[in-house]
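# Structure assessment
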Amino acid sequence: VRIDGRRVKAHRSGTGSEEIDFVEFVRQRSPALFRTAYVLTGSQDVAEDLVQEALEKACRHWRRISDAESPEAYVRRVMVNLANDRWRRLGRARETSPVPDRADPRDAYQRVELHDEVIRALQALPMGMRTVVVLHYLHDMGDQQIAAMLGISSTAVRSQLARGLAKLRADATPDRQQALIPQIEGTR
Amino acid sequence: MIPIPAARRDDDPLSAAAPPTMTAFEQRLTQAMEDFANRPQSPRYDGDGILRRTRRRRTLLAVTASGAVALTCAGVTLALHPLGHSPAAATAAVADHRRPPASASAAATATATAAAHRVTVPSAIGQTENIAVRELNAAGLSVGTVRSARSDTVAPGLVIAESPGLGTLVPAGARVALTVSQGPAHH
């Protein structure tokens, strides 16, 4: 209903509805986009820039994007591809900061510690692989959706996912912690 | 206000979503990512500002493009009517010289304005966010990302920092990022 209503409105009144839609979209959906960007880059600054840049790009083509079934998925695609381009441009240098400050000291210390291992391992993955892992586990996206978003084959998605997971498992479970993990996971 | 739904997770019926049975490690990974994503506060993005800049840019491009077209047309007119061949053509050519096409001069003016129009960043520090935004807008600037930070010395809601800083010369319409106090850390 919403999409139909908006389509009709967009065709009738042009720029007026465009304006309301974009500003409202930014207000409501930018926190979600920022979350993705933050997990993807591990850096608040880089994530902020990434979202800002993606929103600006989206604004230029907003009329077309707002007609799409999910504007958010579209903007997320722009953002993810920007992250990958940037990473490639920087000669695969580590653009990410080491895992940032532990923000919430109320969190059980050991749990944060364990999470940090995983996040650190995630940030060490190549960006393409990292993107696939984040889209799959944070956004519950399927192989074909990810493939379409990144412009690669679903076979490539599956292999990147499997390799990424294996690498994460190896990096994030150092021997000294192996004894600790089942115990903590058991409490969840 | 119409709520905009989050991106649907099952846009594509052909692709299976994450299987319900995840290994312990996969669960841990998912949990870690979600917790990590919740750590920072998302900055507030200035949708109005983005929209304004996009419009301004579009207008400028359109004016420049039409100016270029007008200049090209004038050039073609001159080339087709070489001076001195006929009195009428000569008059037309002279008229062209005296009064350049209006849109071409408009384009020149617009470009010159865009290049020359630089403003200094006013101080927004110590003001409430709303007033800071108003003052930046009044100075011909827009607000970039707004983030919050803990501060023991600045009351909550007041601007702690701006970037680029006070007195910096920037192009009109540039974005200034603000940091707003959240008050002291309470631990």
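Residues numbered from 1 in each chain as written. Chains lettered and ligands numbered in written order. Predicted model: local features only at pLDDT ≥ 70, side-chain atom pairs only at ≥ 80, totals over all residues. Heavy atoms only, no water.

### Describing the overall build of chain A
To be explicit about the condition: Comment: elements are numbered from the N terminus, with helices defined as DSSP H or I runs of at least four residues and strands as E runs of at least two. In this description, contact between two residues means that some pair of their heavy atoms is separated by no more than 4.5 Å. Per-residue and other accessible areas follow the Shrake-Rupley method at a 1.4 Å probe size, with only the shown protein chains counted as cover for residues.
Along the backbone of chain A there are eleven helices and zero strands. Reading chain A from its N terminus to its C terminus gives the helix and strand order α-α-α-α-α-α-α-α-α-α-α. Pairs at least 24 apart in sequence give 68% of the contacts found in chain A among residues at least 6 apart. Accessible surface, chain A as shown: approximately 8,900 Å² in total, 51% of it carbon and sulfur.

### Comments concerning unusual backbone geometry
Among all residues save glycine, negative phi is the norm, and among peptide bonds the norm is trans. Stated precisely, the cut-off is as follows: Throughout this description, buried means an accessible area under 20% of the type-specific maximum (1.4 Å probe, protein chains only), exposed means over 50%, and partly exposed covers the range between.
Following Ser 163 of chain B, the chain continues into Pro 164 of chain B via a peptide bond in cis, with omega recorded as -5°. Although it is not a glycine, Asp 140 of chain A adopts a positive phi angle of roughly 55°. Counting through the fold element by element, Asp 140 of chain A comes out in the loop between α7 (127-137) and α8 (143-150). The partly exposed category is assigned to Asp 140 of chain A, whose relative accessible area is 26%.

### Details of the confidence of the model for chain A
Residues and elements named next belong to chain A. The criterion, for reference: Note on scores: pLDDT gives the predictor's confidence for each residue, bounded by 0 and 100.
Averaged over all residues, the pLDDT of chain A is 77; the fraction at 70 or higher stands at 69%. When mean pLDDT is taken per element in chain A, α7 scores highest with 94 and helix α1 (residues 2-13) scores lowest with 41. In the predicted structure, residues 94-108 sits below a pLDDT of 50 and forms 27 contacts with residues beyond four places in sequence or in another chain. Taken together, the stretch residues 176-188 has pLDDT below 50 and engages in 16 contacts with residues farther than four places along the chain or on a different chain.

### Comments concerning the packing of aromatic side chains
Residues and elements named next belong to chain A. So the rule is basically this: Aromatic rings from Phe, Tyr and Trp, taking only the six-membered ring of Trp, are treated as a pair when their centres fall within 6.5 Å; an angle between ring planes under 30 degrees marks them as stacked, one over 60 as edge-to-face, and anything in between as tilted.
Here the structure, examined in full by the defined rule, presents four aromatic pairs over all chains. A centroid spacing of 5.0 Å and a plane angle of 45° characterise the contact between Phe 25 and Trp 62, whose relative ring orientation is tilted. Residue Phe 25 is located in helix α2 (residues 15-41), and its partner Trp 62 is located in helix α4 (residues 62-67); the two are separated by 37 residues in the primary sequence. Taking relative accessible area as the criterion, Phe 25 reaches 2% and is therefore assigned buried.

### Some details on the sheet that holds strand β5 (residues 175-181) of chain B
Residue and element names in this part refer to chain B. Quick reminder of the rule: Note: two strands are recorded as paired if DSSP finds a minimum of 2 bridges between them. Helix axes are fitted to C-alpha atoms over the stretch in contact, other axes to C-alpha atoms as well, and angles between N-to-C directions run from 0 to 180 degrees.
Sheet architecture is open: three strands sit in the order β2-β5-β3, paired in mixed fashion. Each edge of the open sheet is held by one strand with a lone partner, namely β2 (142-149) and β3 (159-163). Each strand of the sheet is rotated relative to its neighbour by a mean of 20°, with strand direction disregarded. As paired elements, β3 and β5 share four bridges and run antiparallel to each other.

### A closer look at the pairing of β5 of chain B
Residues and elements named next belong to chain B. Among the seven residues of β5, five are classified as buried, and the element is accordingly described as predominantly covered. Bridge count between β2 and β5: six bridges; the pairing is parallel. If you follow Arg 147 over to β5, its bridge partner there is Thr 179.

### Regarding the nonpolar core
Generally speaking, soluble globular proteins have nonpolar side chains that are buried together. Threshold: What we call a nonpolar core is a set of buried Ala, Val, Leu, Ile, Met, Phe, Trp, Tyr and Cys residues that are connected through their side-chain atoms within 4.5 Å.
Residues Leu 55 and Val 133 of chain A together with Met 33 of chain B are the most contacted members of the largest nonpolar core, which totals 58 residues. With ten residues, the top contributor of residues to this core is α2 of chain A. Here Met 33 of chain B is in contact with Val 39, Ile 119, Leu 122, Val 133, Val 134, Tyr 137 and Leu 138 of chain A, once residues within four sequence places are set aside. Counting 14 residues, the second largest nonpolar core, distinct from the first, contains Val 121, Ala 124, Val 143 and Val 180 of chain B.

### Looking at the side chain of Arg 53 of chain B
Keep this limit in mind: Any pair of N or O atoms that falls within 3.5 Å is considered a polar contact. Within protein, one atom must be able to donate a hydrogen and the other to accept it, and sequence-neighbouring residues count only if both atoms are side-chain atoms.
Structurally, Arg 53 of chain B can be placed in helix α2 (residues 47-80). In this structure the side chain of Arg 53 of chain B is engaged in a polar contact, spanning 3.2 Å, whose partner is the side chain of Glu 56 of chain A. Each residue touching Arg 53 of chain B, except ones within four places of it in the same chain, is listed here: Gln 52 and Glu 56 of chain A together with Ser 142, Gly 173 and Arg 175 of chain B.

### Quick word on a positive patch on the surface
What counts here: Each patch is built from salt-bridge-free residues with over 30% relative accessible area, joining like charges within 9 Å and nonpolar side chains (Val, Leu, Ile, Met, Phe, Trp, Tyr) within 5 Å. A carboxyl oxygen of Asp or Glu within 4 Å of a side-chain nitrogen of Lys or Arg is what we treat as a salt bridge. We score Asp and Glu as negative and Lys and Arg as positive, and we do not count His or the chain ends. The location of each charge is read from NZ of Lys, CZ of Arg, CG of Asp or CD of Glu.
Positive charge collects at one region of the surface, where Lys 57 and Arg 60 of chain A together with Arg 57 and Arg 58 of chain B lie side by side. When residues of the positive patch are traced back to their parent elements, those giving at least two are α3 (44-60) of chain A together with α2 of chain B. Tracing the backbone shows Arg 57 of chain B in helix α2.

### Re the pattern of salt bridges
Residues and elements named next belong to chain A. Inspection of every chain in the model, using the stated rule, returns eleven salt bridges over all chains. Residues Arg 27 and Glu 24 are paired through a salt bridge, measuring 3.2 Å at the closest nitrogen-oxygen approach. Of the two residues, Arg 27 and Glu 24 are both situated in helix α2; the distance of three residues between them amounts to about one turn of the helix.

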